[in-house]
Amino acid sequence: MTELWLDDAPGECRAALIEDGAIVEIHIQRDLNLVLGECGTGRIDRKTPSGAYIVTDNGAELLVRGATRGAEGERIAFAVTREAIAEPGRAKPPEAKLLENLPDIISGKKALWAARLGNMKADATTAQSIGDAFDCGLAGASHIDNVTVSFQRTKAGLVFDIDGIGNPFEINIVAAQEIARLLRLYQVGGMVMIDFVSVETKEQRKAIAQAFDGAAARDMRPFERSAINGYGLMQVVRARPRPSVLDHLFGTRIATLSDETQAYRLLREVSRSTGFGRRVLTAGPEVATVLALPQWQPLRAQCERLTGATLEVVVDAGLTGYGHVHVAQS
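For clarity, every value in this text was computed on a predicted model and none was experimentally measured. (Residues numbered from 1 in each chain as written. Predicted model: local features only at pLDDT ≥ 70, side-chain atom pairs only at ≥ 80, totals over all residues. Heavy atoms only, no water.)

Asks: Residues and numbers for the sheet that holds strand 18 (residues 279-283), please.
Replies: Within a sheet, each strand pairs with its neighbour through backbone hydrogen bonds, oriented either parallel or antiparallel. Strand order in the open sheet formed by 3 strands is 19-18-20, with mixed pairing between adjacent strands. In the strand order of this sheet, the two ends are held by strand 19 (311-315) and strand 20 (324-327), each with one partner. Shown here is a sheet whose adjacent strand axes are inclined to one another by a mean of 25 degrees, direction ignored. Of the strand pairs in this sheet, strand 18 and strand 20 are connected by 4 bridges, and their pairing is antiparallel. (Pairing = 2+ DSSP bridges. Helix = DSSP H or I, 4+ residues; strand = E, 2+ residues; numbered from the N terminus. Axes fitted to C-alpha atoms, helices over the stretch in contact; angles between N-to-C directions.)

Asks: Outline unusual backbone geometry, listing residues and values.
Replies: For Asp 20, which is not glycine, the phi dihedral falls at a positive 55 degrees. Relative to the assigned elements, Asp 20 resides in the loop between strand 2 (12-19) and strand 3 (22-30). Positive phi, close to 55 degrees, is recorded for Gln 187, a residue that is not glycine. By the secondary structure assignment, Gln 187 is in the loop between helix 3 (168-185) and strand 15 (190-195). With relative accessibility at 16%, the residue Gln 187 sits in the buried group. (Buried < 20%, exposed > 50% of the residue type's maximum accessible area, 1.4 Å probe, protein only.)

Asks: If you had to explain the packing of helix 6 (residues 259-271) against helix 8 (residues 297-307) to someone new, which residues and values would you point to?
Replies: In contact at an axis separation of 9 Å, helix 6 and helix 8 are set at 20 degrees when each is read in the N-to-C sense. In terms of their interaxial angle, helix 6 and helix 8 are classed as roughly parallel. Where helix 6 crosses over helix 8, the handedness of that crossing is right-handed. Listed contacts from helix 8 to Tyr 264, Leu 267, Val 270 and Ser 271 of helix 6 are Leu 299, Arg 300, Cys 303, Leu 306 and Thr 307. Considering only residue class, the contact of helix 6 with helix 8 consists of 6 nonpolar, 2 polar and 1 charged. (Parallel < 35°, antiparallel > 145°, perpendicular 65-115°, else oblique. Left-handed = near helix turned anticlockwise from the far one by under 90°. Contact = heavy atoms within 4.5 Å. Nonpolar A, V, L, I, M, F, W, Y, C, P; charged D, E, K, R; others polar.)

Asks: Give me the side chain of Arg 238: which residues, what numbers.
Replies: Counting through the fold element by element, Arg 238 comes out in strand 17 (residues 233-238). On the basis of relative accessible area, Arg 238 is assigned to the buried category, the value being 7%.

Asks: Residue-level account of the pattern of salt bridges, with values.
Replies: If you walk through the whole model with that rule in mind, you get 27 salt bridges. Asp 7 is paired through a salt bridge with Arg 14; the nearest N and O atoms lie 2.7 Å apart. Both residues of the pair, Asp 7 and Arg 14, belong to the buried class. In this structure, Arg 253 and Asp 259 form a salt bridge, with 2.9 Å as the shortest nitrogen-oxygen distance. What makes Asp 259 buried here is its relative accessible area of 16%. Here the salt bridges share partners, and the residues they tie into one network are Asp 7, Glu 12, Arg 14, Arg 30, Arg 268 and Arg 272. (Salt bridge = Lys/Arg side-chain N within 4 Å of Asp/Glu carboxyl O.)

Written out as structure tokens, the structure reads:
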């Protein structure tokens, strides 16, 4: 039996696919971002030798690759073909294709999220917190008995390193299966580089790669991989139409939650708080700046509707941690 656990909050939809009682996939959609399949209108802002940049009616920027009809300033219709993806040190803009006309029926973000959930074909759906499922991603490591699988995002892709005590071949078998699990859990696309512990024979390397293939077969997303070379390196490549869970969490940083993620977390905490007093959200200057942006005001208003109380943001330049929320007594 498969289940879907839904864990939504203002501005952020989260879902986990459950198989045999375990979380096997996490999906996130942030509604302030353009979503895969979303359609809209805008104008051609500037053309380049490799494509063009579009500015939507809401002020967002998209990239269209390849020869682009129309002149700069001309109004166009578009469909998003890849969401914005943040990598360490840089943010890649969303990509789109031009349309002759907008579809007769335009699917909004809620409909696109519902379709994404429907593709998972779960037997049952329930509201359930999935916060614990992020622990491994936040730590950047997974521990299975005496085997440690560490991972880190780079501009080129996600890199895995393997350590352990005991037989190198057995360590690699455990690691290969765990890496396949993590790639599915956090919906990782793009390039993945795996540094296995060196083993003695080509037959062992083939067996390790086959162990990865067997575990990855549970993931419906197609992939390509290289053989494991004599240095223990294997490359895996998947399509990347959306940011992974790790991309969402860290943005352009490596091991620290992005300001946006911290802001979403605090609004989530506000929306689930109880009591009759106003909500006081204390955050560092960078996160408070995010929460003060015009596009974040509807999310703050949604928190106030959910709690029936006003929301006050307090800036604390000396704050340690990611911030906190409390209910004022007066």
